[in-house]
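# Architecture at a glance
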Amino acid sequence: LPPRHMDSVVQIVETLESSEAGFTVPELARALGGCSTPGCRVVLGEPPAVPPAPPALTREQWLLFTRLLRHAAAPEGGAVLAPDGSTVTLGPLFAGIEVGLKRATGCPAPTAEPPIDALYAVTIAEALGTSFLLARGDDGQRATLGPAGCWDDVDDPQNYTLLGPPSPIPDAVAIGAMDGVLLGAQLAREPIPLADLLRGYYGTGNGTEKGRPPSSYRRRDFGVLTGPGKLEEEVVAMLRVLRELPPTQELLEDVGAEEMVAIAHQAARDFTEVYVECPAIVPRCMWGARPYRGTPKPLTLPLGSIYIHHTFSPSDPCRTFAACARAMRAMQRFHQDTRGWDDIGYSFVVGSDGYLYQGRGWHWVGAHTKGYNSKGYGVGYVGDFSATLPDPDTIALVRDELLPCAVRAGRLHHNYTLRGHRQLGHTDCPGNSLFHEIKTWHGFK
């Protein structure tokens, strides 16, 4: 089959749009199973019958599209890899796009009691409400969000494997839902061909190596469009609708109005923390890490310090997933083969593509700041920042997102100390420009 990559999806969408298919691509996605939940069916209607294979598509393209939408509720089967390195489940993406198209053409909104915002209902509100509803009274044992996953091969992605027990909203579903909201809202304002919309947003094809695509800003853009209050309001509304639907009545029969609001409040708060306020961290298996050599030493959390570095070599910031993954592999080879270390030294590495990359991670002692490796996390910016600074949003990725999130998660003391590498060893790291910048950050000593 064609690779499970957004490029393959865009090619299928473009072929369908240029043929006389007799249906829209989102309608086809719904027919194939992309909107199979009770709430989504209320909003968009019962799915149309599955049409015969469109003659414009190859047999392999039709098989791929069919498989992706039939498994849209399961991210292992319904997800594709986007050029920014994120993984997107197609069901909520196309459902949000269909709502946007209906709004653009003046189709009447569904009448539900209480009123619901169709765009949020079909993308995130139902999934979020259901996930947290199922977890109530479970003493925190049942996962409500996550996990991430990894592809077998980022150049020819065919199989996607979750990195832990699945919740109803693994990362791929959350990302597909956020993209469905953003692209549905964009289409409602300015309808354009879907292939152009997807290509422009994900930077597919030739855009892959040109720099950050709009999709890498999804967390920021979703947060601007959707405050926690809006998300909570839509989850409450959706739970009230689900209480009246036969397939979900039993699930909600003993849930009172106050508990419903409490569930929605926690769902909106947790989702916002994980997917809007905290940065995305690319797992080791996604950038092609070699195995750790030997046995890693565990850290004792929470830690009290953060040490800021720049990589110096590579000297240029990396602005795409492909470039940042290459930089990670090169650094790991250098640290293991030349320096003789067990693994890449940094705890985390900061790309200029909008993502953090997992090195040793949260739980294992690194090799970044000699004499202090067990006392703090080492965070390295890709590039040489002796004379220039990272982009403002790349600075903010650590200062405003990673550090507060690490404190909230209990991995870093709330009164942590932040230092540049040069303060603890004979080095110019993290470069004069970046060092002067971090002097203004919270916790600098």
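- By the naming in an unreviewed UniProt entry, the protein goes by PGRP2 amidase and is assigned to Rynchops niger.
- Under the UniProt heading Sequence similarities (unreviewed entry), the note attached to the protein is "Belongs to the N-acetylmuramoyl-L-alanine amidase 2 family."

### Considering the UniProt feature "domain: Peptidoglycan recognition protein family" (unreviewed entry) in the protein
- Sites flagged by UniProt as "domain: Peptidoglycan recognition protein family" (unreviewed entry) map to residues 279–425.
- This span, residues 279–425, is 27% helix and 21% strand, and a straight line between its end C-alpha atoms measures 29 Å.

### With respect to the sheet that holds strand β5 (residues 281–282)
- Across the sheet, 6 strands lie side by side as β5-β8-β7-β9-β6-β10; this open sheet has mixed pairing. Every interior strand has two partners, whereas the edge strands, β5 and β10 (412–420), have only one.
- The strands touched by helix α15 (residues 321–338) within the sheet are β5, β7 (348–350) and β8 (356–358), with β8 carrying the most contacts at an inclination of about 40°.

### Concerning unusual backbone geometry
- The amide bond that connects G146 to the next residue, P147, takes the cis arrangement and shows omega of 5°.
- Within the element layout of this structure, P147 appears in the loop between α7 (118–135) and β3 (149–151).
- Note that the residue after S313, namely P314, is joined by a cis bond; omega there is 5°.
- Position of P314 relative to the elements: it lies in the loop between β6 (303–310) and α15.

### Here we look at the UniProt feature "domain: N-acetylmuramoyl-L-alanine amidase" (unreviewed entry) in the protein
- Residues annotated by UniProt as "domain: N-acetylmuramoyl-L-alanine amidase" (unreviewed entry) correspond here to residues 291–431.
- As a span, residues 291–431 carries 25% helix and 21% strand, and end to end its C-alpha atoms are 30 Å apart.

### Examining the environment of P165
- Note on placement: P165 falls in the loop between β4 (160–162) and α8 (171–189).
- Sequence separation between P165 and G146 is 19 residues, and the spatial gap between their C-alpha atoms is 8.5 Å.

### Focus on the domain arrangement of the protein
- Domain annotation for the protein reports domain 1 (6–277) and domain 2 (285–439).
- Here the C-alpha centroids of domain 1 and domain 2 sit 33 Å apart.
- With 21 residues of domain 1 at the contact, the number on the domain 2 side is 15 residues.
- Carbon and sulfur atoms make up 54% of the area that domain 1 and domain 2 hide from each other, which totals about 1,400 Å².
- Taken together, the links from domain 1 to domain 2 amount to 3 salt bridges.
- Taken together, the connections running from domain 1 to domain 2 amount to 5 residue pairs in polar contact (both at pLDDT 80 or more).
- Going through the elements one at a time, β3 and α13 (257–277) are the ones with two or more residues in the side of domain 1 that touches domain 2.
- Of all the elements, β3 adds the most residues to the side of domain 1 that touches domain 2, at 3 residues.

### Some thoughts on the side chain of T226
- With respect to the helices and strands, the residue T226 is situated in the loop between α10 (218–225) and α11 (228–244).
- At a separation of 2.7 Å, a polar atom in the side chain of T226 contacts the side chain of Y120.
- For T226, the residues in contact, after removing those within four places along its chain, are Y120, V181 and L231.

### With respect to the packing of aromatic side chains
- Under the defined criterion, the tally for this structure stands at 11 aromatic pairs.
- Seen from their ring centres, W151 and Y160 are 5.0 Å apart, and the 45° between their planes marks the pair as tilted. Taken individually, W151 and Y160 each receive the classification buried, so the pair is uniform in this respect.
- When the ring of Y201 is compared with that of Y202, the centres are 4.8 Å apart and the planes differ by 80°; the resulting orientation is edge-to-face. When sorted by exposure, Y201 lands in the same class as Y202, which is buried.
- An aromatic cluster of at least three residues, connected via ring pairs, comprises F222, F271 and Y275.
- Above the plane of the ring of Y217 lies R212, whose end atom (NZ or CZ) is 3.8 Å from the centre.

### Focus: the side chain of H335
- The residue H335 is located in helix α15 in this model.
- Residue H335 is classed as buried on the basis of its relative accessible area, which comes to 7%.
- At 2.9 Å, the side chain of H335 and the backbone nitrogen of G345 are in polar contact.
- The contact partners of H335, leaving out residues within four places of it in the chain, are G340, W341, D343, I344, G345 and Y346.

Rules used throughout
- Residues numbered from 1 in each chain as written.
- Predicted model: local features only at pLDDT ≥ 70, side-chain atom pairs only at ≥ 80, totals over all residues.
- Heavy atoms only, no water.
- UniProt positions renumbered as here; feature names shortened; annotations may be inferred.
- Helix = DSSP H or I, 4+ residues; strand = E, 2+ residues; numbered from the N terminus.
- Pairing = 2+ DSSP bridges.
- Contact = heavy atoms within 4.5 Å.
- Axes fitted to C-alpha atoms, helices over the stretch in contact; angles between N-to-C directions.
- Domains from an automatic or database assignment.
- Buried area = accessible area lost by both parts, 1.4 Å probe.
- Salt bridge = Lys/Arg side-chain N within 4 Å of Asp/Glu carboxyl O.
- Polar contact = N/O pair within 3.5 Å; in protein donor to acceptor, adjacent residues only side chain to side chain.
- Phe/Tyr/Trp six-rings, centres within 6.5 Å; stacked < 30°, edge-to-face > 60°.
- Buried < 20%, exposed > 50% of the residue type's maximum accessible area, 1.4 Å probe, protein only.
- Lys NZ or Arg CZ within 6 Å of the ring centre and 35° of its normal.

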